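Structural overview for review
Here is what each chain is made of, one letter per residue.
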Amino acid sequence: MMFSCTNPSTDSTLSPDPDYLLPMETVEEDYAFVNLRTGEELPGRFASASMFFEDRALVQDNSTLRYGYIDPSGNYAIDPQYVYATYFVNGTAFVALPDSGLIAINTNGQKLFDLPDVETVSFIRPDLACGTLSNGNSCLIDLKGNITNVGSDKQVIPMFINHSDLILAEQIDNEKFGLIDATGEIVIPFEYDILTPPDKNGIMYYEIDDVGYTQAGLLSKDGEKITETYYDAIHICSDRTYCVKTNDKWGVINDKGELIIPIQFDEIIKDGDLYIIQQGDLYGWCDKEGHIVINPQFSEIYPFGKEEITPVRSGREFGYINKKGKFILNPQFSTAGCFSEGLAPVIKSDDDDDLIGYIDQEGKFKINPQFNRASSFIGDLALVIKDDQVGFIDKTGSFTINPQFSDLIFSKDFSINESIGDSYLPCR
């Protein structure tokens, strides 16, 4: 087999650390790190910056545009000297100096091994990377520097690994997906138009449309078909359930392919111990057997998640209901976000300034309306935007970090959800 790799990336399951240090874009359009616990800014500004992985953050020097790594104090642990660099994974990063090929380094910047014939490299799991060789072929690289040159007349692109030792890959000549092992041997043939990596239960979702229409189903990691019936589409609902679509209607099957909620809804989405359902233009909830517990009657809703109440739109205004469908707070808000830590961001319908404040579960403002956009609380902090500047507040409404930044780069907890609207950051 011959391979060609994708662009450098990190394993999608990695969690940033320490997660209290957040890279933020300044008004000068460079990047600074802010300590969310103290509100202090670390020394140094950078042309680009990443979250911390293994106590190292990949940054780009403002003056030289070379890459290096800082420690949680903001000081360089590895000087900016590289023209190419990846995040650290299992104590290893791949870098390139201006006048040399790729090498692997440890978190102290010491060379572990050379990769003289490798042009690009990307992690596809914490102990394995995919590299593109100078001759255009691809290889697999472990963290000891062992290279498996996987070659054949069939060229495929290794994609990534999730919960399995098998690697999702795409065959270039026919644009089909299959699975390979770490030696490059084909385990699942390249015959699927869409294929997901095996989940933690060893199940994959596939689509085939060679017959002129989509046929979707579930496979085991051994390639055995779990579903005897073909569906138009399948979405993962939860750990062992899958939402399925036939003739524009949705139901739910389990990991054995058995139908557990009849195919009858215009949409269905898992929401904790319930399912959000859509009938026509209205939304409600059903239980795990498909019995409706809250009639579809709302034009807009948000998931309960781990909370006992959630915002719903009834008529032109938002109110809050419990899991029995009873209004806890009557509709009175033009915009409403999810409760977290006992507070929710809202805009009162009678507020002509459209400013966001935070209410408690009795509907009383605990933080007065003053923000243009705002998130639900994550722990003791919420992200807010005031006068086009990003900052953070605590649960008293006091700024822990004054509004002074133009944007976040990335955070596993805080995110600006553009799809909901420009006025606020609703539910996690």
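Below is a summary of the structure that appears in this document. Since the model is a prediction, treat every value here as computed from it, not as a measurement.

In this section: the overall build of the protein chain. Scanning the protein chain from terminus to terminus reveals zero helices and 41 strands. The proportion of buried residues among the 428 residues of the protein chain is 48%. A separation threshold of at least 6 residues defines the contact pool for the protein chain, and within that pool the share at least 24 residues apart is 33%.

Turning to the pattern of salt bridges, a few remarks are in order. Following the criterion strictly, the structure yields 16 salt bridges and no others. Between Arg240 and Asp255 there is a salt bridge whose closest N-O contact spans 2.5 Å. With a gap of 15 residues between them, Arg240 in the loop between β23 (233–236) and β24 (241–246) and Asp255 in the loop between β25 (249–254) and β26 (259–265) connect regions that are remote in the sequence. It is possible to trace a salt-bridge network through shared partners that takes in Glu28, Asp30, Glu41 and Arg45.

Attention now moves to a negative patch on the surface. Side chains of Asp350, Asp352, Asp353 and Asp354 sit close together on the surface and give a patch of like negative charge. For Asp354, the position within the fold is in the loop between β35 (344–348) and β36 (356–359).

This part is about the state of the cysteines. According to the stated counting rule, one finds one disulfide in the structure shown. No disulfide involves Cys286; its sulfur sits 9.5 Å from the nearest other cysteine sulfur, which is in Cys243.

With antiparallel pairing, the three strands of this open sheet are ordered in space as β20-β21-β22. Strands at the two margins of the open sheet, each flanked by one partner only, are β20 (194–195) and β22 (215–220). As paired strands, β20 and strand β21 (residues 203–208) are joined by two bridges and run antiparallel to one another. When the sheet's bridge partners are listed, Ile194 is paired in β21 with Glu207.

Inspection of the sheet shows β36 paired to strand β37 (residues 365–371) by three bridges, in the antiparallel sense. For Ile359, the partnering residue across the bridge sits in β37 and is Phe365. From the end of β36 to the start of β37, which pair antiparallel, there are five residues, and Gly363 there has a positive phi angle of about 90 degrees.

Its location among the elements puts Val34 in strand β3 (residues 31–35). Along the sequence, Val34 and Ile401 sit 367 residues apart, while their C-alpha atoms lie 8.3 Å from each other. If we ignore the near neighbours within four places in the chain, the residues touching Val34 are Tyr20, Leu21, Leu22, Met24, Gly39, Glu40, Glu41, Ile401 and Phe405.

Okay, the packing of aromatic side chains next. Counted by the stated rule, this structure contains 16 aromatic pairs. Ring geometry for Phe94 versus Phe113: centroids 6.5 Å apart, planes at 65 degrees, classification edge-to-face. Of this pair, Phe94 sits in strand β9 (residues 93–96) while Phe113 sits in strand β11 (residues 111–115); the two residues are 19 residues apart in sequence, bridging distant segments of the chain. Each of the two residues, Phe94 as well as Phe113, counts as buried.

Time to look at the pairing of β21. Buried residues dominate β21, accounting for six of its six residues. Of the two faces of β21, the one carrying Ile203, Tyr205 and Glu207 and the one carrying Met204, Tyr206 and Ile208 are both buried. In terms of strand pairing, β21 meets β22 through six bridges, oriented antiparallel. Pairing of Tyr205 across the sheet is with Leu218, part of β22. Linking β21 to β22, which pair antiparallel, is a turn of six residues; within it Gly212 sits at a positive phi near 95 degrees.

Turning to the nonpolar core, a few remarks are in order. Membership of the largest hydrophobic core comes to 21 residues, with the highest contact counts inside it found for Leu218, Ile234, Val252, Ile261, Ile268, Tyr275 and Cys286. Listing elements by their share of this core, those giving two or more residues are β21, β22, β23, β24, β25, β26 and β28 (274–279).

Ordered by their spatial adjacency, four strands build an open sheet running β12-β13-β14-β15, and the pairing between neighbours is antiparallel. Edge positions in the sheet fall to β12 (118–125) and β15 (147–149), since each has one partner strand and no second. On average, adjacent strands in this sheet sit at an angle of 25 degrees to one another, irrespective of strand direction. Direction of pairing for strand β13 (residues 128–133) relative to strand β14 (residues 138–142): antiparallel, over a ladder of five bridges. Within β14, the residue paired with Ala129 across the bridge is Ile141.

So, on to unusual backbone geometry. Positive phi values are uncommon outside glycine, yet Asp248 reaches one of about 65 degrees. For Asp248, the position within the fold is in the loop between β24 and β25. Overall, the relative accessible area of 53% leaves Asp248 in the exposed class.

What follows is about the side chain of Lys176. Tracing the sequence through the fold places Lys176 in strand β18 (residues 176–180). In this structure the side chain of Lys176 is engaged in a polar contact, spanning 2.8 Å, whose partner is the side chain of Asp193. Here Lys176 is in contact with Ala169, Glu170, Gln171, Phe190, Glu191, Tyr192, Asp193 and Asp210, once residues within four sequence places are set aside.

With that out of the way, let us pick up the environment of Leu128. Within the fold, Leu128 resides in strand β13. Considering only alpha carbons, one finds Leu128 and Leu140, 12 residues apart in sequence, at a separation of 6.9 Å. Excluding its chain neighbours within four sequence positions, the residues that come into contact with Leu128 are Phe123, Leu140, Ile141, Asp142, Ile167 and Ala182.

Analysis parameters
Residues numbered from 1 in each chain as written. Predicted model: local features only at pLDDT ≥ 70, side-chain atom pairs only at ≥ 80, totals over all residues. Heavy atoms only, no water. Helix = DSSP H or I, 4+ residues; strand = E, 2+ residues; numbered from the N terminus. Buried < 20%, exposed > 50% of the residue type's maximum accessible area, 1.4 Å probe, protein only. Contact = heavy atoms within 4.5 Å. Salt bridge = Lys/Arg side-chain N within 4 Å of Asp/Glu carboxyl O. Patch = residues over 30% accessible without salt bridge, like charges linked within 9 Å, V, L, I, M, F, W, Y side chains within 5 Å. Areas by Shrake-Rupley, 256 points an atom, 1.4 Å probe, with all protein chains shown as cover. Lys, Arg positive; Asp, Glu negative; His and termini not counted. Charge placed at Lys NZ, Arg CZ, Asp CG, Glu CD. Disulfide = S-S within 2.5 Å. Pairing = 2+ DSSP bridges. Phe/Tyr/Trp six-rings, centres within 6.5 Å; stacked < 30°, edge-to-face > 60°. Core = buried A, V, L, I, M, F, W, Y, C linked by side-chain atoms within 4.5 Å. Axes fitted to C-alpha atoms, helices over the stretch in contact; angles between N-to-C directions. Polar contact = N/O pair within 3.5 Å; in protein donor to acceptor, adjacent residues only side chain to side chain.

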